[in-house]
Amino acid sequence: MTDTYQKTATVTKAPVFSMAQVAPWVIAVIFLMVLPIAFGSNSAITIMNQMMITIVFALSYNMLLGQGGMLSFGHAVYMGVGGFFCMHLMNIVEANELPIPLPVLPIFGGLFGLGLATIVGSFSTRKAGTVFAMISLGIGELIAACSVIIVAFFGGEEGMPGDRTYFLPFFGTEFLRQIEVYYLIAFWTVLSALLMYLFSRTPVGRMANAVRDNPERAEFLGYSARWVRFFSFCGAGFFAGIAGGLFAINYEILTETNLSTTQSGIILLITFLGGVGFFFGPILGAIAFTLLQSVLSLQSEIWQLYLGALFLATVMFFPGGLAGVLMMHVPAARMGRLGWLVGPYLRTILPALIGIAGLAALMELLFHVRHSATGDTDMTLFWVTFDSHSILPWIVAIVATVGGIWLARQGAPKLRETWHRANTPGAAKTTGGAA
Amino acid sequence: MTVPALQLEGLRKSFGKTEIIRGVDLSIGRSERHAIIGPNGAGKSTLFNLITGRFPQTSGKVRLHGHDLAGMAPFEINRRGLSRSFQITNIFSNMTVFENVRCSLLWSQGYKYSFWNMVSRSRELTEGAMEILEQINLTSRAQLPAGVLSYAEQRALEIGITIAGGADVIMLDEPTAGMSHSETDYIVELIRKVTENKTLIMVEHDMGVVFGLADYISVLVYGEIIATGRPEEVRANPKVQEAYLGAALEAEH
C-alpha cells in the first residue's frame, strides 16, 4: 500500500499493478475463506460477521477522516438509512416474490446512502473543520430524531425487522445458515475495501489528500476544495450504505440505535484506534474493537471504561493508532534489526501489562464492593475466585499495579536507547561493543 | 495591438475604512518579466491576492488575456492559465515531493474529478512529474515527505508546483525571502529557466534579484503605482529615488 512510483527504469514500461500491491489482497481473500474452517462455531462466525461489517463501515469513515480531513460526528446515519432501505426492500421482495437474489441487496443500501450523502454533501462540504463537524452532528441528530417521527420508514421504537430467507435461492443457497451469510459478507467486504483502496489512488482520491493538507494550495492547482470534499463525502456515504445493507442481511433488524450519535462516535473511535494515516488502519481498528467488545463485555461489566482508557491512551501517546505503531517499526525491520528490540520490549511491556492488570483488578474490586448485592462477596477475576471484602486481593492488586509500573519505568530508558540505535543506520547493537 | 497577459484597471481594495490598494492601473505584456517592488506595507501581497481571487476587490477590474476575472474563485482563475506561489511556503507537507508535483499536474492533464483512472498507471503523469523534478533539481528527493526538505528546497518545490500546471502567467510572491546568497542565486537561475516564454509577475525585496531578472519594474507605494518602466528608467526616476529606491539601494551596499 505504498505509493507506486519506483524507479525510472520501471516507468518506461506501462506500469501495471505490482506483486507487492496484489499480494495483500490475495492473502486477505484466502484468509477470509479459511477462517470459518478454523473457527467454525456459531458464536465465532457471529463475531466475524460483525467484524467485517465494521471494517466496511470504518473504511468508509476513513474516506472522510483520514483521506479527506473531514471530522464527521454523524456517519452512522448513512449506514443506518442504507440498512433501513434494505430492510424495506427485503419486505417488498418477500411480499411480491420479486426475482432478486439476496447478495445484490447491499448495492441498493449503498445507492441509498449515496443519495443521502449527495443531498447533505451539497451543503456540508463547503467548509471543512468545525463547520463541517457541526453540520454532520446536526444532520446526525436530525435524522436520529426522524426515526421516531417517520415511523413508516424507520419503524418507530421497535425498529424495522425483515427476513432474508424469502429471496430467490442464489445458486441453491437460501442463506439460512450463518456460514452462508459469512461468505456473502466476506465477498462484499473484500470488494468494498478494494474499491475504496482504488478510489484513494484516483485523481480525486489523491486530491482529497491534497485538500486535507492544504485546501488553499489545492485551489491554486485548479481544483475546487469543496468539490473534492463532496466526491469523497459521496463515496463515504455509498460504502457506509453498503455496510448498512450487510448489517440488514446479518441481523435482519434495524433500530434507531443504528442511527444514533453513539454509533457515529463509536466508528470515530474505531477508526482512530486503528489509525487514520494508513489505508489498513481502520481494518485493524475494527478487528481490535470487535474483539474487545465481544471478549471484554463477557468478562467485565465495566468494559467500556477500559475502552475509553484505551482510546484516551491512543489519542495521547499513539496518535497514529495501531497502524501507526506497526509502521513505526518498518525502518528498523528494513535494516533487519527488529530482533534487537525483542528483549527491551519484553522487559518493559510485560511489567506494564502486569501493572495494567493490577489497575484493572483494583477497578473491578471497587466496582464489586460498591455494586454487588449485599452478602455477595465472592468474585472471580483472572480465573481466581476470592472474597472481595477481604484485604488480601486488594494488597495483591496494589502490589501488581505499583510493582508493574515501577518495573516498566525501569525498562523504559533501555528500550528508548535500543529503539534509537535500531533506527540509526550504521549504529551498533550495544554501546561500545563491536557488532 | 495584442491583448496584454494581465491588465489591471482602477483596482481598489479597502479593509473597513482603510484603503490598501488605491487605484492601480497596470498592463503586463505576454512573456514579460515584471517585478513589483515597494516598501513594506505598500500593498504588494494584497495586490497579488486581488489578482488571484483570494480576496474580492472593492472596485476596478482584473483582466487575464482580456477576460474579466470578477467573481471567479481561485481554482477558476487557475484553470484560465494563472498560477501563483506564496510568500509563506505553501506546499502539501505530508505528501511526498513527487506526489506534490503530480497533484499539480492532474487538472492540466485533464483528469479533473475522475474516480475511474489510477494516477499511478498514467505514464504522462509520472514522466511529467519527473520532468518538473528534474527542472527544479529535486529528483533525488522525490520520495521524501515535502515537509522534511530544507527551506530552499521547499521554495524550489513551491515554484515547481506553481509552474507544473502549465500556466502561462506565473506570479511569485517573494520567491527568495529568507534565503542565503547562494540559495538566492540558485532560485534566480531556477526562475529564469522555468519561466522561459512565460509571463512572470513577482514581488521581491532583493534588488539584486529584481534588477537581474525583470524586464519591467513597477513601484508600489501606499497602494499606488508611482512608476513603471525598464529597470534603468525606474532607477533613474526621482520620485522612486525619493519614495523608496534610494534607501533600498543604499541598504544593498
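Model, not experiment: these values are computed from the prediction.

Draft legend 1. Region of the structure containing the overall build of chain A. Secondary structure assignment for chain A yields 18 helices and four strands. Against the 2.2 N^0.38 benchmark of 22 Å for 435 residues, chain A shows a C-alpha radius of gyration of 25 Å, consistent with a compact globule. Reported as C-alpha extents along the three principal axes, the dimensions of chain A are approximately 75 × 70 × 45 Å. Counting across all 435 residues of chain A, residues that qualify as buried make up 46%. For chain A, restricting intrachain contacts to residue pairs at least 6 apart in sequence, the fraction spanning at least 24 positions comes to 76%. Carbon and sulfur atoms provide 72% of the accessible area of chain A, an area that totals close to 21,000 Å². Of the side chains in chain A, 21 bear a positive and 20 a negative charge, and the two mean positions are spaced by 25 Å.

Draft legend 2. Representation of helix α12 (residues 261-274) of chain A within the structure. Residue and element names in this part refer to chain A. Its 14 residues place the ends of α12 20 Å apart at the C-alpha level, agreeing with the 20 Å of an ideal helix rising 1.5 Å per residue. Every buried residue belonging to α12 is among Ser264, Ile267, Leu268, Leu269, Ile270, Thr271, Leu273 and Gly274, and all of these are buried. Where α12 is buried, its residues contact α3 (42-67), α4 (76-96), α13 (281-299), α14 (303-317) and α15 (321-328).

Draft legend 3. Layout of the interface of chain B and chain A. The partner chain A presents 33 residues to the 42 residues of chain B that form the contact. At the boundary of chain B with chain A, total buried surface from both sides reaches about 3,500 Å², with 62% on carbon and sulfur atoms. Broken down residue by residue, the surface that chain B buries against chain A is led by Phe92, Tyr113 and Arg121 of chain B, which jointly contribute 19%. On inspection of chain B and its partner chain A, the count reaches three salt bridges. Across the pair Arg217 of chain A and Glu158 of chain B runs a salt bridge whose closest N-O atoms are separated by 3.4 Å. Scanning the region where chain B abuts chain A turns up 18 residue pairs in polar contact (both at pLDDT 80 or more). Elements with a contribution of two residues or more to the side of chain B that touches chain A: α2 (74-79), β6 (82-84), α3 (97-106), α4 (123-135) and α5 (151-164) of chain B.

Draft legend 4. Representation of the pairing of strand β4 (residues 384-387) of chain A in the model. Residue and element names in this part refer to chain A. In this sheet, β4 lies alongside strand β3 (residues 378-381) in antiparallel orientation, the contact comprising four bridges. By the bridge assignment for β4, Asp378 is matched with Asp387. Linking β3 back to β4 in an antiparallel pair, the connection comprises two residues, with Phe382 at a positive phi of about 50°.

Draft legend 5. Here's a closer look at the side chain of Gln67 of chain A. Residues and elements named next belong to chain A. By secondary structure assignment, the location of Gln67 is in helix α3. On the basis of relative accessibility, which here comes to 14%, the residue Gln67 falls in the buried class. Among residues more than four places away in sequence, those in contact with Gln67 are Asn62, Ser200, Ala208, Asn209, Arg212 and Phe279.

Draft legend 6. A look at a nonpolar patch on the surface. All names here are of chain A. On the surface, Val22, Val26, Val29, Ile30, Met33, Val34, Ile37 and Tyr183 cluster together into a nonpolar patch covering about 700 Å² of accessible area. Residue contributions to the nonpolar patch peak at seven residues, all from helix α2 (residues 19-38). Within the secondary structure, Ile37 sits in helix α2.

Draft legend 7. Spatial organisation of the nonpolar core. Tyr78 of chain A together with Leu133, Leu157 and Ile217 of chain B are the most contacted members of the largest nonpolar core, which has 140 residues in total. If near-sequence neighbours (up to four positions away) are discounted, Leu133 of chain B is found in contact with Val97, Phe98, Val101, Leu138, Thr139 and Ala142 of chain B.

Conventions and cut-offs
Residues numbered from 1 in each chain as written. Chains lettered and ligands numbered in written order. Predicted model: local features only at pLDDT ≥ 70, side-chain atom pairs only at ≥ 80, totals over all residues. Heavy atoms only, no water. Helix = DSSP H or I, 4+ residues; strand = E, 2+ residues; numbered from the N terminus. Rg over C-alpha atoms; globule rule 2.2 N^0.38 Å. Buried < 20%, exposed > 50% of the residue type's maximum accessible area, 1.4 Å probe, protein only. Contact = heavy atoms within 4.5 Å. Areas by Shrake-Rupley, 256 points an atom, 1.4 Å probe, with all protein chains shown as cover. Lys, Arg positive; Asp, Glu negative; His and termini not counted. Charge placed at Lys NZ, Arg CZ, Asp CG, Glu CD. Expected span 1.5 Å × (residues − 1). Buried area = accessible area lost by both parts, 1.4 Å probe. Salt bridge = Lys/Arg side-chain N within 4 Å of Asp/Glu carboxyl O. Polar contact = N/O pair within 3.5 Å; in protein donor to acceptor, adjacent residues only side chain to side chain. Pairing = 2+ DSSP bridges. Patch = residues over 30% accessible without salt bridge, like charges linked within 9 Å, V, L, I, M, F, W, Y side chains within 5 Å. Core = buried A, V, L, I, M, F, W, Y, C linked by side-chain atoms within 4.5 Å.

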